[in-house]
Amino acid sequence: MNNKVVNITILVLLVVFILFRVNTALKQMNSKEEQISQSIENLPAVFSGILPCADCPGIESIVVLNEESFEELSHYQDRGNNLYQVDGTWTLTGDTLKLYRVEDELHKAFVYSREQIKLLDRDLQPITGDLEENYTLDRSPEQESIRSRHSELQDEGVDFLANGNEPFWSVQINFDGQLVYQTPGSETPYPFSEFEEIVEDQKTMYSADNMQITIIPGYCRDSMSGFLFTHKVEIQTKGQDMTGCGRYL
């Protein structure tokens, strides 16, 4: 009889212990899920910095997390106007951010926090050594604000935008509508149907009676905002030759 009581007591204690561990695990899972959702609620999230490079001064890098996709831009310093772009999807599990080119093809992984991401090695382990602090990209509210404005322009029908400084100018193009050329104090719309498209090598030119625009893919960083664009832009209009940066939306 005593042995029976002891066995029942042990069984009850074992069940209580198991329930306790299950409850603790569920709380930890819920806590992680809440942490993830709080970390990514404000998108797009833009992280930028200069990563180490084996044979160049550094790699200017930008990672943009959108709702269902990511965009990575990389520029190898002192190698001309190169600009490499990678697009794909991303997942966040705990504090591990994974970027995929295509489904199940891992591109890069980072340790994620709200204010920065830190590159992991191919085995998803932290990079150690003298340069380990240099594998961090910091969040950039300024670039997030610019991208949010670009998204608004895209919603308004803008397909391509460009701007330059000193002299200040901007161009917004709706390929099915019009091209709007702006300078401080003036705005001139042109029906885009009036422009002839000319493609030479990687250059695309749009030419009309009073304006010609040349769009060239490559590294172009705005001299005032620091925003990294994907194209160089040249404009000839009213006897002026101007240069700036642009991107397709």
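This structure is a prediction, so every number in the text was calculated from the model and none was measured.

Student: Would you mind showing me how to read the pairing of strand S11 (residues 178–183) here?
Tutor: Taken residue by residue, a regular strand's side chains alternate between the two faces of the sheet. Where strand S10 (residues 169–173) and S11 come together, 4 bridges link them in antiparallel fashion. Directly across from Ile 173, in S11, lies its bridge partner Leu 179. Where S11 lies against strand S12 (residues 186–191), 6 bridges are found, and the strand directions are antiparallel. Residue pairing in the sheet places Gln 182 in a bridge with Glu 187 of S12. Following S11, the chain reverses through 2 residues before pairing antiparallel with S12; Gly 185 in that reversal takes a positive phi of roughly 90°.

Student: Is there a simple way to think about the pattern of salt bridges in this case?
Tutor: Pairing between side chains of opposite charge can happen when the charged atoms of each approach one another. Under the criterion given, the structure shown has 8 salt bridges. The partner of Glu 152 in a salt bridge is Arg 149, and the shortest N-O contact between them spans 3.1 Å. A residue pair is termed a helical-turn pair when its members lie 3 or 4 positions apart in one helix, as Glu 152 and Arg 149 do in helix H2 (residues 141–155) at 3 residues. Overall, Glu 152 belongs to the partly exposed group, its relative accessible area being 43%. A relative accessible area of 39% places Arg 149 in the partly exposed class. Measuring nitrogen to oxygen at the nearest pair gives 4.0 Å for the salt bridge that ties Arg 149 to Glu 156. In the salt-bridge network here, residues are joined through shared partners; they are Arg 149, Glu 152 and Glu 156.

Student: Looking at this structure, how should I read the sheet that holds strand S1 (residues 45–51)?
Tutor: Each strand in a sheet pairs with its neighbour through backbone hydrogen bonds, running either in the same direction (parallel) or in the opposite one (antiparallel). Read around the closed barrel, the 8 strands follow the order S1-S2-S3-S4-S5-S6-S7-S8; overall the barrel is antiparallel. Looking at each pair of strands side by side, their axes are set apart by 30° on average, direction ignored. With 5 bridges joining them, strand S3 (residues 70–76) and strand S4 (residues 84–93) adopt antiparallel strand pairing. Counted as the bridge partner of Ser 74 is Tyr 84 from S4. Across the sheet, H2 touches S1, strand S2 (59–65), S3 and strand S8 (136–139), and the angle it forms with S1 is around 130°.

Student: Would you explain the sheet that holds strand S9 (residues 160–164) in this entry?
Tutor: Pairing is antiparallel across the open sheet formed by 9 strands, whose spatial order is S12-S11-S10-S9-S17-S16-S15-S14-S13. The open sheet has two edge strands with one neighbour each: S12 and strand S13 (196–200). Between one strand and the next, the sheet's axes are offset by a mean angle of 25°, whatever the strand orientation. Where strand S15 (residues 211–221) lies against strand S16 (residues 228–237), 9 bridges are found, and the strand directions are antiparallel.

Student: Before we go on, may I ask you to explain the state of the cysteines in this structure?
Tutor: Formally, a disulfide is one covalent bond, and it connects the sulfur atom of one cysteine to the sulfur atom of another. Throughout the structure, instances matching the rule amount to 2 disulfides. Covalent S-S linkage joins Cys 53 and Cys 56, the inter-sulfur distance amounting to 2.2 Å. Measuring the twist about the S-S bond at about 125°, one finds the Cys 53-Cys 56 disulfide to be right-handed. By the burial criterion, Cys 53 is buried, and Cys 56 matches it. The disulfide that involves Cys 220 links it to Cys 245, with 1.9 Å between the sulfurs. With the S-S dihedral at roughly -70°, the linkage between Cys 220 and Cys 245 falls on the left-handed side. A residue pair is termed long-range when its members are at least 10 positions apart, and Cys 220 in strand S15 and Cys 245 in strand S17 (residues 240–248) qualify at 25 residues. Like Cys 220, the residue Cys 245 is buried in the burial classification. Taken N- to C-terminal, the disulfide-bonded cysteines of the protein are connected 1-2, 3-4.

Basis of the calculations
- Residues numbered from 1 in each chain as written.
- Predicted model: local features only at pLDDT ≥ 70, side-chain atom pairs only at ≥ 80, totals over all residues.
- Heavy atoms only, no water.
- Pairing = 2+ DSSP bridges.
- Helix = DSSP H or I, 4+ residues; strand = E, 2+ residues; numbered from the N terminus.
- Salt bridge = Lys/Arg side-chain N within 4 Å of Asp/Glu carboxyl O.
- Buried < 20%, exposed > 50% of the residue type's maximum accessible area, 1.4 Å probe, protein only.
- Axes fitted to C-alpha atoms, helices over the stretch in contact; angles between N-to-C directions.
- Contact = heavy atoms within 4.5 Å.
- Disulfide = S-S within 2.5 Å.

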